[in-house]
Each structure stands twice: as structure tokens, then as C-alpha cells.
Amino acid sequence: LSDKATRIISLVIISALLPLIILLHNRLYPLFYFSLMALVVGITLFDKSGIINRFYISFLVILIPFFIVNGILTGTFIENEVVWYNNDQTTGIRLLTVPLEDIAYGFSLIFINLFFLDIFKKLFKIRYPF
């Protein structure tokens, strides 16, 4: 994605997350993961490496197996879920049976690893064959 498109997407994501963070301040699970995602996306506004430009598209592809596995764990294709969420502590919004917060968790988890990998790669001048 272009830098301009990435900046717009990042600002839209942050703008969507901030009201959720304020509204759900008393629910720990969404508060933590929406805040983490907002922080991560906010940091990328100042990062010049361009990792986020590639990650947004990659994350859309990653969501396919994510929804399959997480969907199974939360009961999409099975009778009783393996992982149970207390709806009093979540937004209650689910895509299939996957809580909205899990998408923020997955995004943050994967992107933070890529971000630090890039930092360490530059810091230690590591070159990968790919």
C-alpha cells in the first residue's frame, strides 16, 4: 500500500478504537487489546520502515486461517466451544463466534513481532535470504 493509503487506514483504525476504549473502559479484555492495537498502529504513523504498508494486506490473508482456528475454538463448527468468553467482559460483538477483541489481539501479536524483528535486523545488521 502507498504511504498515504496506509496513513488513512491507520487513522481510521485509531479513530474507531478510541471510542471503544472509552466506552469499554470497565471491561479489561477489550480495554487492553483495543488500547494495545491503537498504540501499535499509532507507533506505525511515525515508523518509516514501511512494515505496516505490507502488513495490512498480509493481515487480511492471515484472517482466513485465524477465523477457521479461532472459530472452531469458540464454537463455529462444533457443538460446544472449547474457549468460552464472559460476555460481561467483552464487547459482545462476534464475527461468526469470534469475539471482536480477538482480531485486535491477533493483529497486535503478529505485528509487534514483525516490528521488533525489523528493529533487531537493523540493529544487528542481519540479512535474510528472503
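As the structure is a prediction and not an experimental result, all values here were calculated from the model.

So, the environment of Tyr-29
Right, on to step 1. Among the structural elements, Tyr-29 can be located in helix α2 (residues 28–44).
Right, on to step 2. Residues Tyr-29 and Glu-101 lie 72 residues apart in sequence; the distance between their C-alpha atoms is 7.3 Å.

Things to note about unusual backbone geometry
Right, on to step 1. Residue Leu-96 is not a glycine yet carries a positive backbone phi of 60°.
Right, on to step 2. By secondary structure assignment, the location of Leu-96 is in the loop between β1 (94–95) and β2 (98–99).
Right, on to step 3. By relative accessible area, Leu-96 is classed as exposed at 60%.

Here we look at the environment of Phe-67
Right, on to step 1. Within the fold, Phe-67 resides in helix α3 (residues 51–73).
Right, on to step 2. Separated by 58 residues in the primary sequence, Phe-67 and Lys-125 place their C-alpha atoms 36 Å from one another.
Right, on to step 3. Setting aside residues no more than four positions away along its own chain, Phe-67 makes contact with Ile-72, Leu-95, Val-98 and Ile-103.

Describing the confidence of the model for the protein chain
Right, on to step 1. Averaged over every residue, the pLDDT of the protein chain is 90; residues scoring 70 or more account for 98%.
Right, on to step 2. Element-level mean pLDDT values for the protein chain span from 88 in β1 up to 95 in helix α1 (residues 3–23).

Observations regarding the packing of aromatic side chains
Right, on to step 1. Evaluated as defined, the whole model comprises 15 aromatic pairs.
Right, on to step 2. Here Tyr-29 and Tyr-33 contribute two aromatic rings whose centre-to-centre distance is 5.2 Å and whose plane-to-plane angle is 70°, an arrangement assigned as edge-to-face. In this pair, Tyr-29 and Tyr-33 are both assigned in helix α2, four residues apart and thus about one turn of the helix distant.
Right, on to step 3. Ring centres 6.0 Å apart and planes at 75° place the aromatic pair Phe-115 and Phe-116 in the edge-to-face group.
Right, on to step 4. Under the relative-accessibility criterion, Phe-115 is labelled buried at 16%.
Right, on to step 5. Judged by its relative accessible area of 41%, Phe-116 falls in the partly exposed class.
Right, on to step 6. Aromatic ring contacts, followed pair by pair, group Phe-55, Tyr-56, Phe-59, Phe-107, Phe-111, Phe-115, Phe-116, Phe-120 and Phe-124 into a single cluster.

Criteria and thresholds
- Residues numbered from 1 in each chain as written.
- Predicted model: local features only at pLDDT ≥ 70, side-chain atom pairs only at ≥ 80, totals over all residues.
- Heavy atoms only, no water.
- Helix = DSSP H or I, 4+ residues; strand = E, 2+ residues; numbered from the N terminus.
- Buried < 20%, exposed > 50% of the residue type's maximum accessible area, 1.4 Å probe, protein only.
- Contact = heavy atoms within 4.5 Å.
- pLDDT = per-residue confidence, 0-100.
- Phe/Tyr/Trp six-rings, centres within 6.5 Å; stacked < 30°, edge-to-face > 60°.

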